Amino acid sequence: MADIDLLIDAAYASGEIAKKYWKKTPEVWEKSGGAGPVTEADLAIDRMLKSELTHARPNYGWLSEETEDTTDRLNCEHVFIIDPIDGTRAFIEGSPAFSHSLAIAKNGVVTAAAVYLPALDRLYCATKHGNATLNRDKIDASTRSKIDGATTLAAKTNFSAHLWQGPVPQFDHHFRSSLAYRLCLIAHGRFDVMLTLRDTWEWDVAAGSLIAERAGACVTDQIGQRALFNNPRPMLHGMVAAPPEIHAGIISRLAPR
């Protein structure tokens, strides 16, 4: 079975578990260090994914938000990068805008990606040399060239003046809880720009970044460098996804880190 087919099957299986808990008051805990909430659904999906995926690919490393990290993955050419539920707050609130984010990276580059929103039955996929798809139909990112007025998915904190050189661009601001879903909406051309201007966990953006890139968006960290994954500390310097002209304009206007 190809890697992408493995991820697709696993994404659908994740959705079946999630639907057993969604809108049914799952047990919730707060993680230490202000890392946000986790539910019994997150943990159940994580257990299933680790068992199924590592059984299918025993030589692949494992990096997941809900599994204690080890250095073993750093010695692996391939690694799974998993967020069992991205947008856990949305899941808890009963919103359908949560996703399962599954990626495989080879030597730091994502080669296969699936993001599934079970409550909306939307499966976004991509491979390194293939098209981005939604429910197997090809999708394309926006081709807008003007920054001002660009529809932008980002938290309000990304528009703080200290993050920009000169005036903050006049974005048309929107929000979705799941970073993976935000990147997929960029891939689908529903919005122009996705911004997160703080250090970002790899599992939040690994799958979505490939999907947005294969749809035609330019996707980098906030200093304009292509993201590499499976780092010892699995975080990136934020992420910017946008049509090429807008992307270049954003990077040039961001304040130095």
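Structure shown above.
Here is a short report on the structure shown in this document. The structure presented is a predicted model; accordingly, all values stated were derived computationally and were not measured. (Residues numbered from 1 in each chain as written. Predicted model: local features only at pLDDT ≥ 70, side-chain atom pairs only at ≥ 80, totals over all residues. Heavy atoms only, no water.)

A word on the sheet that holds strand β4 (residues 78-86). Across the sheet, 7 strands lie side by side as β3-β4-β5-β6-β7-β8-β9; this open sheet has mixed pairing. The two strands at the open ends of the sheet, each matched to only one other strand, are β3 (61-64) and β9 (137-138). Relative to β9, strand β8 (residues 133-134) is paired through 2 bridges, and the arrangement is antiparallel. Note on β9: the bridge partner recorded for Leu134 is Asp137. Seen against the sheet, helix α4 (residues 179-187) touches β4, β5 (99-106), β6 (109-117) and β7 (122-127) and runs at an angle of roughly 75 degrees to β7. Lying over the sheet, helix α5 (residues 202-214) contacts β3, β4, β5, β6 and β7, oriented at roughly 100 degrees with respect to β6. (Pairing = 2+ DSSP bridges. Helix = DSSP H or I, 4+ residues; strand = E, 2+ residues; numbered from the N terminus. Contact = heavy atoms within 4.5 Å. Axes fitted to C-alpha atoms, helices over the stretch in contact; angles between N-to-C directions.)

The subject of this paragraph is the side chain of His100. Assignment of secondary structure puts His100 in strand β5. Under the relative-accessibility criterion, His100 is labelled buried at 0%. Those residues in contact with His100 that sit more than four places away from it in its chain are Ala11, Ser14, Gly15, Ala18, Ile45, Asp83, Pro84, Ile85, Ala114, Val115, Tyr116 and Pro118. (Buried < 20%, exposed > 50% of the residue type's maximum accessible area, 1.4 Å probe, protein only.)

Counting buried residues in β4 gives 9 out of 9 residues, a clear majority hidden from the surface. Bridge analysis of β3 against β4 gives 4 bridges, and the strand direction is parallel. Following the sheet pairing, Ser64 is matched in β4 by Ile82. Note: β4 against β5, 7 bridges, orientation antiparallel. Counted as the bridge partner of Ile81 is Ala103 from β5.

Neighbouring strands of a sheet are bound in pairs by backbone hydrogen bonds; such pairs are parallel or else antiparallel. Taken in spatial order, the 5 strands make up an open sheet running β11-β10-β12-β16-β14, and their pairing is mixed. The strands lining the two open edges of the sheet, one partner per strand, are β11 (172-174) and β14 (218-220). Here the average twist between neighbouring strands, direction ignored, is 20 degrees. Across 2 bridges, strand β10 (residues 151-153) lies against strand β12 (residues 193-196) in parallel orientation. Bridging across to β12, Leu153 finds its partner in Met194.

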